[in-house]
Amino acid sequence: MAEKLLDFGRSLVTAQLPHANAALRYLRGRSDLRGAQPNWDLNKLTIKTAPSPREVFWIGTFVDSLEPEFTGYHPGVIVSGAKTVRENVETVKFVPLTSEEPQKGATGKYPPYVYELSDNPSPSDRRKVWAICDHVMTVRLTRLERYLGPTGLFVPKISKDDFDGILDAIANGMTALRSRFDHKTKIALDALKIEHDALMSALKAQHESEFDAKALAYLECLTDPNA
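Per-chain numbering applies: the sequence of each chain, read as written, is numbered from 1 onward. Where totals are concerned, whole chains, interfaces and linings use all residues; where local detail is concerned, this predicted model gives features only for residues with pLDDT of at least 70, and gives and counts side-chain atom pairs only at 80 or more. For the side-chain quantities, the full set of heavy atoms in the structure was used; hydrogens and water were omitted.

1. Here's the deal with the overall build of the protein
Part 1 of the reasoning: Tallying secondary structure elements over the protein gives 4 helices and 9 strands in all.
Part 2 of the reasoning: The buried share of the protein, reckoned over its 227 residues, is 31%.
Part 3 of the reasoning: Taking the contacts inside the protein whose residues are at least 6 apart along the sequence as the reference set, 61% of them involve residues at least 24 apart.
Part 4 of the reasoning: Here the protein displays about 14700 Å² of accessible surface, and carbon together with sulfur accounts for 55% of that area. Each helix is a run of H or I in the DSSP string that is no shorter than four residues. Each strand is a run of E no shorter than two, and both are numbered from the N terminus. Think of it in three bands: residues with accessible area under 20% of the maximum for their type are buried, residues over 50% are exposed, and the middle band is partly exposed, with areas taken using a 1.4 Å probe on protein chains only. In what follows, residue pairs with any heavy atoms lying within 4.5 Å of each other are defined as contacts. Areas reported here follow the Shrake-Rupley algorithm with a probe of radius 1.4 Å; residue values treat only the protein chains shown as occluding.

Written out as structure tokens, the structure reads:
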């Protein structure tokens, strides 16, 4: 983690971004950055505001995580946020992000629970990034850390379209949930069709009735001997 952060600082210098040298000095001087130590301090809260959906944090997974579970620390998109920063009360739900391209299936497509973001939430990393949406996890707030940019710590946020795509991919990763969504959608569409058909039938009957009345009145006018 520490070496990755130093590489990030060097990339800022190379790109000649504002405050790049200051950021690099900051990185070298911060041995207490989350993930820079062998073990995370799970009792130390470092975020300042309650996490909200669409926000992205670096998130430490569980010490005993085993593959194919996510291990170590990863960026994660918050899908269910917290109301406060009370670490002994609040939790958040997130899906992890990875820059390692997921394996495609026999059809040449990613699994339906994988979503490729339109843009990497890290302004210093232009690699493609994917949300692995069958790995929804719940963690306490002390597992979250903000991103480090040239002007300090910050919390990036993904677009609404990307977030909608992630929510769809979450449903795709849970067969029962997707089946329920599809079933409820079908029921709603069937109800709309019944309502539409009934409305069209009523309009048709009304039109025919009005047409018959006008035709009868016209016929009476033609056959009226006093006309």
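2. With respect to helix H3 (residues 160-172)
Part 1 of the reasoning: In a regular helix each residue adds 1.5 Å, so 13 residues correspond to 18 Å; H3 covers 18 Å between its end C-alpha atoms and thus fits that length.
Part 2 of the reasoning: Residues of H3 that are buried: Asp162, Phe163, Gly165, Ile166, Ala169, Ile170 and Ala171. Expected helix span is given by 1.5 Å per residue-to-residue step, counting one fewer step than there are residues.

3. Focus: a nonpolar patch on the surface
Part 1 of the reasoning: A contiguous nonpolar patch, built from Leu199, Met200 and Leu203 and spanning about 290 Å² of accessible area, is present on the exposed surface.
Part 2 of the reasoning: Mapped onto the secondary structure, leucine 203 falls in helix H4 (residues 175-223). Residues qualify for a patch when their relative accessible area is over 30% and they have no salt bridge, like charges being joined within 9 Å and the nonpolar side chains of Val, Leu, Ile, Met, Phe, Trp and Tyr within 5 Å. Put simply, a salt bridge is a Lys or Arg side-chain nitrogen that is within 4 Å of an Asp or Glu carboxyl oxygen.

4. Some points on unusual backbone geometry
Part 1 of the reasoning: Non-glycine residue arginine 54 carries a positive phi angle of around 85°.
Part 2 of the reasoning: Among the secondary structure elements, arginine 54 is positioned in the loop between helix H2 (20-29) and strand E1 (56-60).

5. Overview of the pattern of salt bridges
Part 1 of the reasoning: For the coordinates displayed, the defined rule picks out 4 salt bridges.
Part 2 of the reasoning: Two residues, arginine 127 and aspartate 125, come together in a salt bridge whose shortest N-O distance is 2.7 Å.
Part 3 of the reasoning: For the salt bridge of arginine 146 with glutamate 145, the shortest nitrogen-to-oxygen distance reads 3.9 Å. By the burial criterion, arginine 146 is buried, and glutamate 145 matches it.

6. Description of the packing of aromatic side chains
What characterises a pair of aromatic rings is the spacing of the ring centres plus the angle enclosed by the ring planes.
Part 1 of the reasoning: Any two rings among Phe, Tyr and Trp, with Trp reduced to its six-membered ring, count as a pair given centres within 6.5 Å; such a pair is stacked if its planes are under 30 degrees apart, edge-to-face if over 60, and tilted if neither. Tallying each qualifying case throughout the model produces 4 aromatic pairs.
Part 2 of the reasoning: Plain terms: the ring middles of tryptophan 58 and tyrosine 73 are 5.3 Å apart, the flat faces sit at 55° to each other, and that makes the pair tilted. On the criterion of sequence distance, the pair formed by tryptophan 58 in strand E1 and tyrosine 73 in strand E2 (residues 73-80) is long-range, its members being 15 residues apart.
Part 3 of the reasoning: By relative accessible area, which is 24% here, tryptophan 58 ends up partly exposed.

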